Every structure is written in C-alpha cells, then in structure tokens.
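Fold and contact review
So you can see what is in the structure, the chains are spelled out below.
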Amino acid sequence: MTAISLQGISKRYPDHVAVDRLDLDVQAGEFMVLVGPSGCGKSTTLRMIAGLEDISEGRLLIGGRDVTHAEPHERDIAMVFQSYALYPHMTVYMNMAFGLLRASKLTRSEVDQRVNEAASRLQITELLQRRPNELSGGQRQRVAIGRALVRKPKVFLFDEPLSNLDAKLRTHMRGELERLHAELGITIVYVTHDQVEAMTLGTRIAVMDRGHLRQVGAPMEVYRRPANRFVASFIGSPEMNFLPVSEDMAEGRAWLNHHYGAASLQPGTVLGLRPEELLISSVEVAAPWSWPGVVQRVERLGAEAYAQIRVGTADVLVRTEADAALEASKPVFLTPELSRLRVFDGQTGATLATRE
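I will try to describe carefully the structure that is included in this document. Being a predicted model, the structure only gives us computed values, none of them experimental.

1. A look at the packing of helix α2 (residues 92–103) against helix α3 (residues 108–121)
- Viewed as axis vectors pointing N to C, α2 and α3 meet at an angle of 135°, and their least axial separation amounts to 10 Å. The angle between the axes of α2 and α3 places the two elements in the oblique class. In the packing of α2 onto α3, the handedness of the crossing is right-handed. Contact residues: α2 offers Tyr93, Met96, Ala97, Leu100 and Leu101, while α3 offers Arg108, Val111, Asp112, Arg114, Val115, Ala118 and Ala119.

2. Considerations on the environment of alanine 232
- As for its placement among the helices and strands, alanine 232 is situated in helix α8 (residues 229–234).
- Note on alanine 232: relative accessible area 0%, which makes it buried.
- As for alanine 232 and threonine 2, which are separated by 230 residues in sequence, their C-alpha atoms are 31 Å apart.
- Residue contacts for alanine 232: discarding those within four places in its chain leaves Pro226, Met240, Phe242, Arg274 and Phe344.

3. Looking at the nonpolar core
- Among the nonpolar cores identified, the biggest contains 46 residues, and Met96, Val115, Ile145, Phe158, Tyr190 and Ile235 are the most heavily contacted of them.
- Among all residues touching phenylalanine 158, those that are not within four sequence positions of it are Leu46, Val80, Ile145, Leu177, Ile188, Val189, Tyr190 and Val191.
- With 28 residues, the next largest nonpolar core counts Ile4, Ile55, Ile62 and Val155 among its residues.

4. Let's talk about the sheet that holds strand β16 (residues 314–321)
- What the 5 strands build is an open sheet, ordered β13-β17-β14-β15-β16; its pairing is antiparallel. Of all the strands in the sheet, the pair left with one neighbour each is β13 (278–281) and β16. Put simply, the sheet's adjacent strands are angled 45° from each other on average, direction ignored.
- Relative to strand β15 (residues 304–311), strand β14 (residues 291–300) runs antiparallel, the two sharing 6 bridges. By the bridge assignment, valine 294 is partnered in β15 with arginine 310.

5. Some thoughts on the sheet that holds strand β1 (residues 4–12)
- Spatially, the 4 strands line up as an open sheet ordered β2-β1-β4-β5, and their pairing is antiparallel. Both outer strands of the open sheet, β2 (17–26) and β5 (65–66), are each paired with one neighbouring strand and no more.
- Pairing geometry for strand β4 (residues 57–62) and β5, over 2 bridges, is antiparallel. Across the sheet, the residue bridging to leucine 61 is aspartate 66, located in β5.
- Against the sheet, helix α1 (residues 42–50) engages β1, β2 and β4, with an angle of about 115° to β1.

6. Describing the packing of aromatic side chains
- Inspection of every chain in the model, using the stated rule, returns 6 aromatic pairs.
- On the numbers, 5.7 Å between centres and 45° between planes, the contact of phenylalanine 31 with tyrosine 190 is tilted. You can see phenylalanine 31 sitting in strand β3 (residues 31–35) and its partner tyrosine 190 sitting in strand β8 (residues 187–192), a full 159 residues away along the chain.
- Ring centres 6.4 Å apart and planes at 20° place the aromatic pair phenylalanine 156 and phenylalanine 158 in the stacked group. Exposure class is identical for phenylalanine 156 and phenylalanine 158. Each is buried.
- Among the aromatic residues, those joined into a ring-pair cluster are Phe31, Phe156, Phe158 and Tyr190.
- Across the ring face of phenylalanine 242, the terminal group of arginine 229 is positioned such that the distance to the ring centre comes to 4.3 Å.

7. Some thoughts on the environment of methionine 240
- Relative to the helices and strands, methionine 240 is located in the loop between α8 and β11 (241–244).
- Sequence separation between methionine 240 and leucine 301 is 61 residues; the distance between their C-alpha atoms is 19 Å.
- Look past the residues within four positions of methionine 240 in its chain and what remains in contact with it is Pro226, Ala232, Gly272, Leu273, Arg274, Arg342 and Phe344.

8. Remarks on the pattern of salt bridges
- Counted according to the given criterion, the structure contains 19 salt bridges.
- With a closest N to O distance of 3.7 Å, glutamate 53 and lysine 11 form a salt bridge. One end of the pair, glutamate 53, is in the loop between α1 and β4; the other, lysine 11, is in strand β1, and 42 residues separate them in sequence.
- With a relative accessible area of 9%, lysine 11 lands in the buried category.
- As a salt-bridge pair, arginine 59 and aspartate 66 come within 3.2 Å of each other at their nearest N and O atoms.
- Given a relative accessible area of 39%, arginine 59 falls into the partly exposed group.
- Note on aspartate 66: relative accessible area 40%, which makes it partly exposed.
- What you see here is one network of salt bridges that share partners, running through Arg121, Arg142, Glu176, Arg179 and Glu183.

Analysis parameters
Residues numbered from 1 in each chain as written. Predicted model: local features only at pLDDT ≥ 70, side-chain atom pairs only at ≥ 80, totals over all residues. Heavy atoms only, no water. Axes fitted to C-alpha atoms, helices over the stretch in contact; angles between N-to-C directions. Helix = DSSP H or I, 4+ residues; strand = E, 2+ residues; numbered from the N terminus. Parallel < 35°, antiparallel > 145°, perpendicular 65-115°, else oblique. Left-handed = near helix turned anticlockwise from the far one by under 90°. Contact = heavy atoms within 4.5 Å. Buried < 20%, exposed > 50% of the residue type's maximum accessible area, 1.4 Å probe, protein only. Core = buried A, V, L, I, M, F, W, Y, C linked by side-chain atoms within 4.5 Å. Pairing = 2+ DSSP bridges. Phe/Tyr/Trp six-rings, centres within 6.5 Å; stacked < 30°, edge-to-face > 60°. Lys NZ or Arg CZ within 6 Å of the ring centre and 35° of its normal. Salt bridge = Lys/Arg side-chain N within 4 Å of Asp/Glu carboxyl O.

What follows is the structure, given as structure tokens:
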C-alpha cells in the first residue's frame, strides 16, 4: 500500500489557474474521493498525479518518492477513464493483456494468469473472447478496471468512471468498487462530481471549488460539520436549506447564543438546516424558534415525501412521511432540530457555529 502527498500543487495556464497550491495527503490503502462541481480542478489534480499534466508548482510524492517531474510510466499507477478507452478491434482478453505483453517482462503464461485472476475477480471470465461493442456499459467498465488491475500498480486513479452508466448500474458498480477496495486494500484516488458517489465510496472526501481545497474529512464528518456554506450546499442530496436571519428570527437568539456562542443568529448571518432536520406541525409550537410557513408543493417518493415550505421570502425543503397530511397553500409551522443547526457568515460563507 502506498501513500500520496500533494504539497502546494498548482496548475497554471496562460489565462487561468486550474489548481491553486493544493495540499493533500492520501494515506496508504485509503479510498480518497475528490469531489466538486465541473471546472473545480479535480480532474486536473488527478491528471497531475498520473503525470498526464505538468505540475506548475509544488511537489508530488508517491510512496515517499518525489515524482513531480517523472514520466507516467515511472509512477507505478494505473488510471481508469470515464470513456473506458478500450481498443474496439481487440477482444476483452487482449484489452486487458496488451499493456503487459507490450511493456512488461512477464512471460505469456504469467500474463494469462494475471488476466484470468482479474477476470474472475470482476466476474467477466465468460467475456474474454468478446469485443467491446458486444458488451454493456457496465461490462465495459469492468474490463477497463481489469486492464488496470492486471498491472498490479501501487495506486489506482479513477476519473468519473461511472458517469456514463444508468442509475441502476451506477449503484451496482459502486458496490463492486467498494468490494474491490476492501479485498485488495489498494490506494485509490477517485474523481467525481456526484456527491452520492463521494459519500458512499470514500474513506475520506476532499471537496474542491474553483481550484481550491475547501474541506477534507470522513464523509459523515463533512456532511454534519461543513467548514463553509459551499461545502454545506454541495454535500447532501437534497442540498441544505439556507435561511437568512431576520430580526424576528433573532428574537430567539438569547437561547441560541447561550448554546452556540455570541456570534450566532445575528441579522446578516444565515441558518443552515438539512431537510431531515426540520419538523412540520400544523399547530404553532410555543417556542421562539418555531417559524410560520406556507406549503408550496409536496413530492411523494414512495416511502417519504419532500415538502417545499415558504418561510418569509425563503423556500425550505423538508423531508417528512409520505402520508403526511400536507397540501399546497396550507399554513404550517417548522421547528428546527436545534442540535443540528449551523450558522454561516452572510458575507464570507464561513461556518460560525455548529453543535454537532
């Protein structure tokens, strides 16, 4: 198992900075997920680790060795691309074996053994004599992973590998990748814009925005204790609700400031609550932190429902039971789960207070 250390890594182009002085340590055997919106620099970071992009500034260490300017083949990594990048005229066997036959010193029997072992692990043995155009998207993705697996590299890099699959296949392949990591204990750096993938796969996740690293931590740590409003809005589906604090909300600040600190719940700050952290009631709760609202719409999704509630000028999404007696234009009251309340600076977006 191999650790990776990115020390002040930057990637500069003539017209913009794609990654700006990024510091990140990936522990040996860790499943690190780089997550963020399109254009945040996550794929550029992955390509710098792979050696496919030059590093403008900083140092990159793999297994304690400085590989900042090393060629890709000198880094002992394998990369799985979004497009699979399979050779269409070759069989599955040859797609997996080609790199070893061409560049390694392994004998043909050793190559056969590696291909068959990887195919068995990925459950594609019966596909070895087929060509890519005879395979489903999920099968092609397994072949791409198998091609990386046979090399037995120190580090696996994945660049949005599931984005071309439908929802059911994505769920299945997430399970396969999780199983593979658990069985092999390999170091993985995985790029995605899908925060569901990040939350379900990552040992830790690194949230990026506009070339900067905004937060690193275990998935539930980042979910519960976001460092700033950007992280709070990006991680979680549906995303967190944000309510600008008004003067009438601030009437309850004496109680909240006692628990959260003097910076909390002042006009100009913003409250953050996830949909599952609010209770809907048709009768006003006698507390200063119960807010009146009006139901705008209700989406029933089988086992649960999401209600959109207008509170002042803000729309708040609340998760509730599917059979809750809610309908459009109905007045309701929302009571926040105060132990989950987060307070953000209205200007900088920094987290001012959280009790989780």
